[in-house]
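A look at the structure
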Amino acid sequence: MKLNFLPAGRLRMKKSIYVAGADRSEMIDLPVSSALIRHKQGNVLFDTGCHPSVVDHAEERWGSLAKVMKPLMSANETLLPSLACVGLEPDDIDVIVNSHFHPDHCGCNQFFRKATILAHAKEIDAANAQGSEAAGYLRADWDYGQPIEPVHGEKDLFGDASVVLVPLPGHTPGSLGALVSLDRDGQFLLASDAVSLRQNLDADTAPRNTWNLEEQLKTFAEVRRIENAGAAVICGHDDRQWQGLRKGIDGYE
């Protein structure tokens, strides 16, 4: 089995959203990524990043959200070109796991028409709830009429413990992580925005864009438990960590 981290966008946001005490005028640049898991039973994408149209037309697609998170990437830094660099096309993907349905995590779902989409049942409910757009759920990004298979608890994706989906609520009601176990390089917890920045986990301080503080702090404790058992925690938007990861064709096994 192989794990490849793929560039899927880049955003600029107010640092104070993530870092307590930061000046409200200070900005932070955040990588957006997707993880490709190549298993003998199928190819999986964990998150699909930003839709390529936001490179030039962010406000048209995201509305007022474009004022909160500003795309910085070129079209070549979105998911489909990144996927092509490892020799795959959208129809080669069998499963998409969406950690949650915010537009920087599900923006390219529409291109994967042959894939089964998995998301936590609580996330599906939150995205469908009245007024969900105010919570960052944009139907233009997460709902293209494809069937979405609900996940209700931990889910062993292939039945061999190599990819286990783990509920990590707090950032959103149904945030999911994926614990990936590789033969050579060990375990990786794909935490997405359950741990946006490493310093959030280390300081036990939730970002301002947290849905439920109590749930988020419980999730931090669960992430630390998994880390203490030997897994490397891959944060959702930590640029320092991102710079140190192997990316593209140079992956993990």
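Preceding this section is the structure that the text describes.
Attention in this report is confined to the structure presented alongside it. (Residues numbered from 1 in each chain as written. Predicted model: local features only at pLDDT ≥ 70, side-chain atom pairs only at ≥ 80, totals over all residues. Heavy atoms only, no water.)

**Digging into helix α1 (residues 54-62)**
Just so we agree on the cut-off: A simple rule labels every residue: compare its accessible area, found with a 1.4 Å probe on the protein chains alone, to the largest value its type can have, and call it buried under 20%, exposed over 50%, or partly exposed in between. Put simply, DSSP H or I for four residues or longer makes a helix, DSSP E for two residues or longer makes a strand, and each gets a number counted from the N terminus. As used here, the arc belongs to the directions running from the helix axis to the C-beta atoms. By definition in these notes, contact holds between two residues if any of their heavy atoms fall within 4.5 Å.
Among the residues of α1, V54, A58, R61 and W62 are the ones counted as buried. The buried residues of α1 occupy one face: seen down the axis, they fall within an arc of 105 degrees. The exposed residues of α1 that point more than 90 degrees off its buried face are D56, E59 and E60. In the core, the buried residues of α1 are packed alongside β1 (2-14), α2 (65-68), β4 (70-71), α4 (103-106) and α6 (139-142).

**Some remarks on empty space enclosed by the protein**
Where we set the bar: Throughout, the protein atoms alone are placed on a 1 Å grid, and a set of points is a cavity if a 1.4 Å probe fits but cannot get out or a pocket if it is open with protein on both sides within 12 Å along at least five of seven lines; lining residues have an atom within 4 Å of a point. Grid points are joined across faces, edges and corners, and a volume is the space filled by probe spheres set on the points. As a working rule, the residues Ala, Val, Leu, Ile, Met, Phe, Trp, Tyr, Cys and Pro are called nonpolar, Asp, Glu, Lys and Arg charged, and the rest polar, with Gly in that last group.
Counting across every chain of the model gives two cavities of 30 Å³ or more. One number sums up the size of the largest cavity: a volume of about 130 Å³. Forming the boundary of the largest cavity are 14 residues, of which S33, F46, D47, S192 and C235 lie nearest the centre. Elements supplying a minimum of two residues to the lining of the largest cavity: β2 (27-39), β11 (186-192) and β12 (232-235). Here the second largest cavity defines a volume of roughly 60 Å³. Surrounding the second largest cavity, P31, V32, S33, I234, C235, G236, H237, D238, Q241, W242 and L245 form its lining. It is β2 that provides the largest number of residues to the lining of the second largest cavity, a total of three residues. Of the residues assigned to the lining of the second largest cavity, the class counts are six nonpolar, four polar and one charged.

**Side note on the layout of surface pockets**
Its volume calculated, the largest pocket comes out at about 520 Å³. Lining the largest pocket are 26 residues; nearest its centre among them are L65, H102, A135, G136 and N209. When residues of the lining of the largest pocket are traced back to their parent elements, those giving at least two are α2 and α4. Each residue belonging to the lining of the largest pocket can be placed in one class, and the counts come to 15 nonpolar, eight polar and three charged.

**Considering the environment of D183**
With respect to the helices and strands, the residue D183 is situated in the loop between β10 (176-182) and β11. With a relative accessible area of 80%, D183 lands in the exposed category. When the C-alpha positions of D183 and S162 are compared, they lie 9.3 Å apart, and in sequence the two are 21 residues distant.

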